[in-house]
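Here are the chains, one letter per residue:
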Amino acid sequence: MGGPRGAGWVAAGLLLGAGACYCIYRLTRGRRRGDRELGIRSSKSAGGTAGFPAEDLTDGSYDDVLNAEQLQKLLYLLESAEDPVIIERALITLGNNAAFSVNQIPMKLITGITFAIIRELGGIPIVANKINHSNQSIKEKALNALNNLSVNVENQIKIKIYISQVCEDVFSGPLNSAVQLAGLRLLTNMTVTNDHQHMLHSYITDLFQVLLTGNGNTKVQVLKLLLNLSENPAMTEGLLRAQVDSSFLSLYDSHVAKEILLRVLTLFQNIKNCLKIEGHLAAQPTFTEGSLFFLLHGEECAQKIRALVDHHDAEVKEKVVTIIPKI
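In short, a report on the structure. Just so you know, these numbers come straight off a predicted model, no measurement behind them.

1. Some details on the side chain of lysine 219
In step 1: Residue placement: lysine 219 occurs in helix 11 (residues 216–230).
In step 2: Put simply, lysine 219 is tucked away with no salt bridge, and the nearest opposite charge, on glutamate 259, sits 11 Å away.
In step 3: Those residues within four positions of lysine 219 in sequence are excluded, and the remaining contacts are Leu211, Leu212, Thr213, Gly214, Leu251 and Ile260.

What follows is the structure, encoded as structure tokens:
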């Protein structure tokens, strides 16, 4: 991956380094406190979760980054607990620690603490197992935790085996639900690079269906995912073959929210750019009527985009000016 996206990952690396320095400080400060107890007491009794004190690490009062021992106990708790409240709180705590990114860096400090702790302790399968839970809130929190963990490329290798299941949940579950949005966010993170995008080939038509039927927040999240796919020439044919309702073109109307309009314009632009890369699809395959190819190459689409040159927003107008020569 090169160009702007490569630069983005360099910037992400710098952020990870800064996050590590901050977390080292937090860990050092936390150790100086000395007497704070973990509050997680694994039990041999059924459920293994009885008798948790108020200072339990999952109650929100413990604000330090967790070390290896603490994370191990938290993962044990998550794996053995039956109480939905405890499971949900454990997932939130793990997700918050994953968000620090310090647990995803494969290096050791002089303290001997290994970063990438959650992955190395086998935590990813334990978290991912909770996306099967019947409790929708637990399912959402598990997806959120996996989303935070998926920022790391090595973690993605572990998480990719759950992509198909996440897709099934996203497209079969309630529209605009918290679970659907959490799943879409995870899929978006997993497709920032080209490595795992091919795993979404069979779900592209479903993505467009959710795009057209979802609310504003859902539309934006689906478009973020589609934009990732549209930057990869290897995904262009799959996108153009997708069966898409003609109402898709209404997203190019001037009254559409700017955050949606800019993204559908960029989607058009990315696909056009990919078609020109090294003669990609130079010998155009046969696309069926009702496909995205027919919509984007039709006169109605061209007219709608040209009309946006008079849009009241300067950013939209600028984007349209760059696209018109490609029509």
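2. As for helix 8 (residues 163–172)
In step 1: Inspection of helix 8 places Ile163, Val166, Cys167 and Val170 among the buried residues, and these make up the whole buried set. Seen from one end, helix 8 has its buried residues packed into an arc of 100°, which puts them on one side.
In step 2: The inward-facing, buried residues of helix 8 contact helix 6 (136–149), helix 7 (153–159) and helix 9 (178–190).

3. Regarding the pattern of salt bridges
In step 1: On inspection of all chains with the given rule, the structure shows 10 salt bridges.
In step 2: A salt bridge links arginine 119 to glutamate 154, with the shortest nitrogen-to-oxygen separation between them at 3.2 Å. Residue arginine 119 is found in helix 4 (residues 117–120), and its partner glutamate 154 is found in helix 7; the two are separated by 35 residues along the sequence.
In step 3: The salt bridge partner of glutamate 237 is arginine 241, with a shortest N-O separation of 2.9 Å. Residue glutamate 237 and its partner arginine 241 are both found in helix 12 (residues 236–241); the two are separated by 4 residues, about one turn of the helix.
In step 4: Judged by its relative accessible area of 29%, glutamate 237 falls in the partly exposed class.
In step 5: By relative accessible area, which is 38% here, arginine 241 ends up partly exposed.
In step 6: The network of salt bridges with shared partners includes Glu88, Glu140 and Lys141.

4. A few points about the environment of asparagine 97
In step 1: With respect to the secondary-structure elements, asparagine 97 resides in helix 3 (residues 84–99).
In step 2: Within polar-contact distance, the side chain of asparagine 97 engages the backbone nitrogen of leucine 66 at 2.8 Å.

5. Some points on the packing of aromatic side chains
In step 1: Summed over all chains, the structure comprises 5 aromatic pairs.
In step 2: Their ring planes at 80° and their centres at 5.7 Å tell us that phenylalanine 248 and tyrosine 252 sit as a pair that is edge-to-face.
In step 3: When its relative accessible area of 1% is taken as the criterion, tyrosine 252 is described as buried.
In step 4: Grouped by ring-pair contacts, the aromatic residues Phe208, Phe248 and Tyr252 constitute a single cluster.

6. Quick look at the environment of serine 137
In step 1: On the secondary structure map, serine 137 appears in helix 6.
In step 2: On the basis of relative accessible area, serine 137 is assigned to the partly exposed category, the value being 24%.
In step 3: Between the C-alpha atoms of serine 137 and proline 84, which are 53 residues apart in sequence, the distance is 9.0 Å.

7. Here's the deal with unusual backbone geometry
In step 1: Of note in the backbone geometry, asparagine 176 takes a positive phi value of approximately 70° without being a glycine.
In step 2: As for its position among the elements, asparagine 176 is in the loop between helix 8 and helix 9.
In step 3: Residue asparagine 176 is classed as partly exposed on the basis of its relative accessible area, which comes to 27%.

Here is what the cut-offs are and how they apply
Residues numbered from 1 in each chain as written. Predicted model: local features only at pLDDT ≥ 70, side-chain atom pairs only at ≥ 80, totals over all residues. Heavy atoms only, no water. Helix = DSSP H or I, 4+ residues; strand = E, 2+ residues; numbered from the N terminus. Buried < 20%, exposed > 50% of the residue type's maximum accessible area, 1.4 Å probe, protein only. Lys, Arg positive; Asp, Glu negative; His and termini not counted. Salt bridge = Lys/Arg side-chain N within 4 Å of Asp/Glu carboxyl O. Contact = heavy atoms within 4.5 Å. Arc of directions from axis to C-beta. Polar contact = N/O pair within 3.5 Å; in protein donor to acceptor, adjacent residues only side chain to side chain. Phe/Tyr/Trp six-rings, centres within 6.5 Å; stacked < 30°, edge-to-face > 60°.

All quantities given are derived from atomic positions and should not be read as evidence of function.
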